[in-house]
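So the chains spell out like this:
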Amino acid sequence: MDMNEIKEIFFQECEEQLAELESGLLKLNDGDRDPETVNAVFRAVHSIKGGAGAFGLDDLVSFAHVFETTLDCVRSNKLEPTQDVLKVMLKSADVLADLVSASRDGGGIDESRSRALVKELEALAHGEMPSASAHEAPKPAPKAAPAPAPVAKAEPPKPTDESGFQPIPFTFDGFGDDEEPALEGSVYEITFKPRRELYSKGNEAALLLRDLSRLGDMSINCDMDALPALDKMDPEASYFGWKISLKTVKSEDDIRTVFEFAEWDCDLDVKLAEEAASDEELPMIPVPFDLGILDEPSTSEEEEKAVQSSADETVAAAVSAAETATSVAKAAGRASEKKESAAAAAAAAAQNNAAAAAAAAGQTIRVDLDRVDRLINLVGELVINQAMLSQSVVENDATGTSAVNMGLEELQQLTREIQDSVMAIRAQPVKPVFQRMSRIVREVADMVGKQIRLVTEGENTEVDKTVIDKIAEPLTHMIRNAVDHGIESPEKREAAGKDPEGTIKLSAKHRSGRILIELTDDGGGINRERVRQKAIDNDIIAADANLSDDEIDNLIFMAGFSTADKISDISGRGVGMDVVKRSIQALGGRISISSRPGLGSTFTMSLPLTLAVLDGMVVTVAGQTLVVPLTAIVETLQPEASAIHSFGASQRLISIRNSFCPLVDVGRVLNYRATQANPVEGVALLVESEGGGQRALMVDAIQGQRQVVIKSLEANYTHVPGIAAATILGDGRVALILDVDAVVAASRGQSMKPEMSLAATG
Amino acid sequence: MKKKVLTVDDSRTIRNMLLVTLNNAGFETIQAEDGVEGLEVLEGCNPDVIVTDINMPRLDGFGFIEGVRRNEKYRAVPILVLTTESDAEKKNRARQAGATGWIVKPFDPAKLIDAIERVTA
Amino acid sequence: MAAKKAAPGSVKLSAVLDLNEASVLHGKLMSIRGSDVVIDASGVERLGVQCAQVLVAGHRAWAEDKKSFLVEKASDAFQKTMQLIGIDNGNLVAKEI
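Calculation notes
Residues numbered from 1 in each chain as written. Chains lettered and ligands numbered in written order. Predicted model: local features only at pLDDT ≥ 70, side-chain atom pairs only at ≥ 80, totals over all residues. Helix = DSSP H or I, 4+ residues; strand = E, 2+ residues; numbered from the N terminus. Buried ≥ 20, exposed ≤ 12 C-beta atoms within 10 Å, placed from the backbone. Contact = placed C-beta atoms within 7 Å. Nonpolar A, V, L, I, M, F, W, Y, C, P; charged D, E, K, R; others polar. Pairing = 2+ DSSP bridges. Axes fitted to C-alpha atoms, helices over the stretch in contact; angles between N-to-C directions. UniProt positions renumbered as here; feature names shortened; annotations may be inferred. pLDDT = per-residue confidence, 0-100.

**Q** Can you help me understand the overall build of chain B in this one?
**A** Broken down by element type, chain B carries 5 helices and 5 strands. In chain B, the succession of α and β elements from N to C terminus is β-α-β-α-β-α-β-α-β-α. Out of the 121 residues belonging to chain B, those deemed buried represent 64%. By sequence separation, contacts in chain B at least 24 residues apart represent 58% of the contacts at least 6 residues apart.

**Q** It is not clear to me how the interface of chain A and chain B should be interpreted in this structure. Could you clarify?
**A** By a widespread convention, an interface's size corresponds to the accessible area lost as its parts come together. Contact with chain A, which involves 35 residues of that partner, is made by 40 residues of chain B. If you list the elements that add at least two residues to the side of chain A that touches chain B, you get helix 1 (3-29), helix 2 (35-54), helix 8 (205-213) and helix 13 (313-359) of chain A. If one sorts the elements of the side of chain A that touches chain B by residue count, helix 2 of chain A sits on top with 9 residues. Of the residues belonging to the side of chain A that touches chain B, the class tally is 19 nonpolar, 10 polar and 6 charged.

**Q** Quick question: what am I supposed to make of the sheet that holds strand 2 (residues 216-223) of chain A here?
**A** Hydrogen bonds along the backbone pair up the strands of a sheet, which may run parallel or antiparallel. Residue and element names in this part refer to chain A. Read from one edge of the open sheet, 4 strands run 2-3-1-4, paired in antiparallel fashion. Here the strands that pair on one side only, and so sit at the sheet edges, are strand 2 and strand 4 (266-272). Each adjacent strand pair in this sheet contributes to an overall mean axis angle of 15°, direction not counted. Two elements, strand 1 (residues 186-194) and strand 3 (residues 241-248), share 7 bridges in a ladder whose sense is antiparallel. Residue pairing for strand 3: Ile 190 is matched across the bridge by Ile 244.

**Q** Help me out: how do you make sense of the UniProt feature "modified residue: 4-aspartylphosphate" (unreviewed entry) in chain B in this one?
**A** Residue and element names in this part refer to chain B. Mapped onto this structure's residue numbering, the UniProt feature "modified residue: 4-aspartylphosphate" (unreviewed entry) falls at Asp 53. Looking at the secondary structure, you find Asp 53 in the loop between strand 3 (49-52) and helix 3 (61-69). On the neighbour-count criterion, Asp 53 (28 C-beta atoms within 10 Å) is buried. Excluding residues within four positions of it along the chain, Asp 53 makes contact with Val 8, Asp 9, Asp 10, Ile 14, Gly 61 and Leu 82.

**Q** Got a minute to help me understand the confidence of the model for chain C in this structure?
**A** It should be kept in mind that the predicted coordinates are not to be read in detail where pLDDT is low. Residues and elements named next belong to chain C. Averaged over all residues, the pLDDT of chain C is 79; the fraction at 70 or higher stands at 82%. The element-level mean pLDDT for chain C is lowest in strand 7 (residues 93-94), coming to 52, with strand 4 (residues 46-47) highest at 88. Note on residues 1-6: pLDDT under 50 across the span, and 11 contacts to partners over four residues away in sequence or across chains. As a predicted assembly, this complex carries a pTM of 0.53 together with an ipTM value of 0.89.

**Q** How should I be thinking about the sheet that holds strand 21 (residues 723-728) of chain A in this particular structure?
**A** Residue and element names in this part refer to chain A. Pairing is mixed across the open sheet formed by 5 strands, whose spatial order is 20-12-13-22-21. Each edge of the open sheet is held by one strand with a lone partner, namely strand 20 (701-709) and strand 21. Each strand axis lies, on average, 35° off the axis of its neighbour in the sheet, ignoring direction.

**Q** What am I meant to see in the pairing of strand 18 (residues 683-688) of chain A here?
**A** Along any regular strand, the residues point their side chains to alternate faces of the sheet. Two strands pair when backbone bridges link them, and strand 14 (residues 633-637) of chain A and strand 18 of chain A are joined in this way by 4 bridges, in the antiparallel orientation. Directly across from Leu 637 of chain A, in strand 18 of chain A, lies its bridge partner Ala 684 of chain A.

**Q** How should I be thinking about unusual backbone geometry in this particular structure?
**A** Trans peptide bonds make up the majority, and among non-glycine residues the majority have a negative phi. Residue and element names in this part refer to chain A. If you check the backbone angles, Asn 77 has positive phi at about 65° while not being a glycine. Here Asn 77 shows up in the loop between helix 3 (58-75) and helix 4 (83-105). Here Asn 77 falls in the buried class, since 20 other C-beta atoms lie within 10 Å of it. Notably, Asn 671 is not glycine yet its phi reads approximately 65°, a positive angle. Of note, Asn 671 is situated in the loop between helix 22 (666-669) and strand 18.

Pasting the structure below:
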């Protein structure tokens with residue numbers, strides 16, 4: 001793994017954090033005051049900042065920092081997350097997302113916007129807590145208003161306590177701090193006496209002394225005076241202290257840095273020895289640093305040890321006697337320490353229980369998408385293989401020994417279960433897509449000066465990742481439409497007696513093996529008069545056409561239809577609802593609208609849960625087996641000769657319940673045959689295609705319905721007009737899956753270009 | 001013998017950076033994603049030093065450090081906290097919880113290794 | 001606790017003499033108080049000050065009891081740390097500068 005890969009991971013993680021951030025902010029916006037929600041929001045920004053710092057993404061860091069500071073005010077209850085505050089935060093989340101994209105893909109962002117937000121964020125951080133500046137100087141009582149219960153659950157805040165612990169490691173004035181150390185080295189006298197906390201926090205005096213010794217020549221005197229007798233001592237207490245004399249070219253700062261982690265848990269005194277040798281010598285001689293000194297452990301102790309090798313035991317004994325006297329007082333102190341530790345243990349037990357409960361939550365692993373895709377492909381093969389096996393057993397063994405048949409049945413069931421389970425791996429909640437929509441609502445609403453709130457429902461509904469990736473675009477377009485055209489301006493709404501703030505509701509749910517996505521606005525609904533007039537103006541319908549309300553509503557899906565009086569930059573001409581409908585249909589989905597004048601409209605999309613398998617009707621056309629997606633088929637019928645009406649050179653219509661529907665000869669369109677088939681000998685599949693128009697597709701016969709595994713033709717062969725994909729049937733034959741829209745579109749010319757046609761082989 | 005480092009951080013980015021840095025420096029690295037997992041992993045991994053983040057879901061760094069310090073077997077293990085320069089208050093809370101030392105973000109491999117060397121034998 | 005028959009007890013020091021080990025070592029020494037003791041420091045990889053405190057206190061206690069308290073086969077790590085923290089490990093007493 002190199003830095004670039006980690007950077008890639010960072011950006012992936014940013015996406016997740018941004019989603020987390022937005023959903024958290026939206027929850028807060030809805031009045032959620034769970035501290036964990038605030039924490040999660042804070043963490044998301046904090047995490048982005050941390051990673052960005054590591055990669056030197058300064059713009060991202062500085063914005064995230066300001067954002068984080070303001071969020072921290074919310075977290076510590078210094079700032080009430082009102083709707084206005086959250087508005088700024090949501091915008092900031094959007095800018096943060098832009099900054100992430102800009103950092104990843106290059107390119108700039110709208111700097112005026114981010115600068116403005118930085119100001120707003122800072123104002124929020126300052127405005128509501130007068131005395132807390134960026135420095136957060138811990139003045140004894142900075143709380144302006146009596147703050148509500150603290151958010152952090154673990155510990156009550158101890159503001160006054162902490163003020164005494166400000167890290168001021170290097171600010172001891174008056175000890176000659178501004179003087180450069182003499183190059184030959186100065187001698188420092190250091191006294192160091194650890195407290196027991198130093199050890200209990202995992203620091204070790206021996207290591208500190210080790211690091212100290214690396215700074216120069218060190219001689220040390222261990223002060224054991226405080227050590228009590230063996231039976232009186234607390235093995236975990238701190239008794240030893242040291243007087244150290246260090247000759248070094250390093251500064252006092254360097255010496256103190258050694259104790260950086262320990263300084264609050266020890267008594268430390270560092271000063272230049274008065275009779276420092278260097279004072280007498282010429283300080284100006286530029287002797288280079290001898291780096292060797294830094295690395296080698298000091299040898300002075302060894303020499304001294306040789307001199308001092310036999311020590312006086314009686315001295316030691318006398319000392320320990322003296323210690324006994326003081327040990328009584330110390331024992332009392334220790335007893336109170338024990339009490340504290342008992343309380344700590346009880347707290348520990350409680351916390352452990354909580355931790356265990358949290359651990360029971362679902363665990364996840366992260367898997368490369370390629371692996372999942374490969375697995376899904378393999379399972380697809382397995383399904384096909386299983387079907388082939390069943391079929392050949394049936395064909396070769398008409399009687400069917402029950403054991404084999406039962407085994408096959410079990411195999412089939414297992415295969416299906418495996419398939420479902422594997423599909424479930426790639427299934428993901430629609431949440432990220434829904435979250436993206438809330439940003440679009442905010443931005444577009446801002447642009448057109450409307451107040452709109454997006455309510456989402458069922459965002460945990462899962463659907464195959466391939467579907468998720470593809471619904472974002474049509475959904476975005478629909479949302480823009482709803483904001484731009486659906487919801488009225490606040491004035492109009494008020495005039496109509498509605499809440500000036502419009503609501504758009506986006507919901508998802510599973511229904512009979514498909515996912516149903518509904519987009520509802522509480523706007524003015526479809527203006528049928530205008531839609532109708534527009535359709536007439538655009539020659540979409542005849543001026544005297546008799547259309548039901550539903551039919552008029554559905555006219556908006558017709559190509560090139562736009563009802564907005566003015567063309568705004570939000571949903572300009574060219575990308576109308578027809579495009580949306582087409583992309584939904586390309587996914588094997590359907591879309592419809594229902595509208596109530598004055599009350600709003602609801603778009604309903606029904607989509608397959610996966611693009612890997614498809615429910616299809618297997619049909620025969622000119623000896624070839626084709627699969628027609630079941631979702632496209634409205635009904636099937638056996639045409640009677642009397643219902644067929646020819647006109648022009650080769651155009652035919654079929655009359656169905658008093659309306660006429662163009663007949664499309666699939667065999668001709670795909671160039672499977674040179675002459676027209678006789679409709680009476682075949683079957684007509686009534687399909688709904690682009691723009692809602694119905695067509696009758698002529699096929700020779702229906703073989704049956706089945707679920708098929710979709711194989712891309714583009715990936716395995718090449719794109720074929722009129723064909724969406726291929727599949728492999730149980731008997732091993734390749735069957736092509738019809739692209740209904742393309743066939744219908746081509747039917748206007750009745751035939752694909754001959755050289756592009758493809759007959760299935762098998 | 002390789003020194004063993006347990007890292008606890010919810011950010012995948014930082015986890016990977018820690019992993020690369022520590023492995024390059026010759027440490028054996030064990031990773032956990034939050035305080036709860038950190039305490040679980042701690043059992044049986046016997047680290048020489050622990051590096052932990054503060055802001056984490058489920059159990060934050062403070063809680064994690066307290067958990068380690070209450071653990072009979074591992075209470076003496078040095079714990080380094082990943083923190084930010086501006087966060088004096090958090091540093092102090094971490095110390096009160098029992099942190100041994102800290103590494104100031106943004107993440108810098110040299111600083112990390114230096115801090116680890118300082119608190120381990 | 002004082003075993004009268006002065007058979008030399010022996011204590012093998014653990015590899016890691018940290019905070020946790022201090023109590024263990026203390027307990028061990030307390031349990032063999034009164035008999036000569038040989039401390040085997042050959043396996044010590046890490047020595048913390050708190051264990052050193054226990055050893056020094058032990059040394060003093062044994063001296064009081066007029067028993068022998070011998071640290072032998074001190075490992076490099078043991079010797080180096082003792083030196084570093086200013087304890088003469090031959091006699092477990094503070095050195096003077």
